[in-house]
Amino acid sequence: MSLSLISNAYADGAAAPAQDGSSMMVLTLFLVVAFVFMMWSQQKRSKQQKAMVDALQKGDEIVTIGGTLGRVEKTGDNYLSIAVADNVVIQIQRSAVQSVLPKGTIKSAN
């Protein structure tokens, strides 16, 4: 029984569609464009983060990657001293700064 089904399928005469490579070129072009767009947006985000960290100065209120709120007390080349509470100053790496808060945010958070 299965032999008659197989022979009928071949006897139909339908051929598989030809692969000319244009669909492969379209897929490759799409992947290249997507990759370039992702790289461009990542570089833009990285430049914005670096500019924000480089512009930090004494008195700025920040949030670290770990979620710690603090006020910048002293800046250095690689590290910042931030006040997290009365008489409590910690040092963090500049790269650990996630965002700069508007002035007065820490007082309203307490």
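My aim in this report is to walk through the structure given alongside it, one point at a time. (Residues numbered from 1 in each chain as written. Predicted model: local features only at pLDDT ≥ 70, side-chain atom pairs only at ≥ 80, totals over all residues. Heavy atoms only, no water.)

Overview of the nonpolar core
Step number 1: Counting eight residues, the largest nonpolar core consists of Val53, Leu56, Ile62, Val72, Leu80, Ile82, Ile92 and Val97.
Step number 2: Not counting chain neighbours up to four residues away, the residues in contact with Val53 comprise Arg94 and Val97. (Core = buried A, V, L, I, M, F, W, Y, C linked by side-chain atoms within 4.5 Å. Buried < 20%, exposed > 50% of the residue type's maximum accessible area, 1.4 Å probe, protein only. Contact = heavy atoms within 4.5 Å.)

Considerations on the sheet that holds strand 2 (residues 69-75)
Step number 1: Taking strand neighbours across the sheet as the criterion, the five strands line up as 4-3-2-1-5 in an open arrangement whose pairing is antiparallel. Here the strands that pair on one side only, and so sit at the sheet edges, are strand 4 (88-93) and strand 5 (97-101). Along the sheet, successive strands turn relative to each other by an average axial angle of 45°, direction set aside.
Step number 2: Here six bridges tie strand 3 (residues 79-85) to strand 4, and the two strands are oriented antiparallel to one another. By the bridge assignment for strand 4, Tyr79 is matched with Gln93. (Pairing = 2+ DSSP bridges. Helix = DSSP H or I, 4+ residues; strand = E, 2+ residues; numbered from the N terminus. Axes fitted to C-alpha atoms, helices over the stretch in contact; angles between N-to-C directions.)

Notes on unusual backbone geometry
Step number 1: If you check the backbone angles, Asn87 has positive phi at about 60° while not being a glycine.
Step number 2: When you line up the elements, Asn87 lands in the loop between strand 3 and strand 4.
Step number 3: The exposure class of Asn87 is exposed, given its relative accessible area of 83%.

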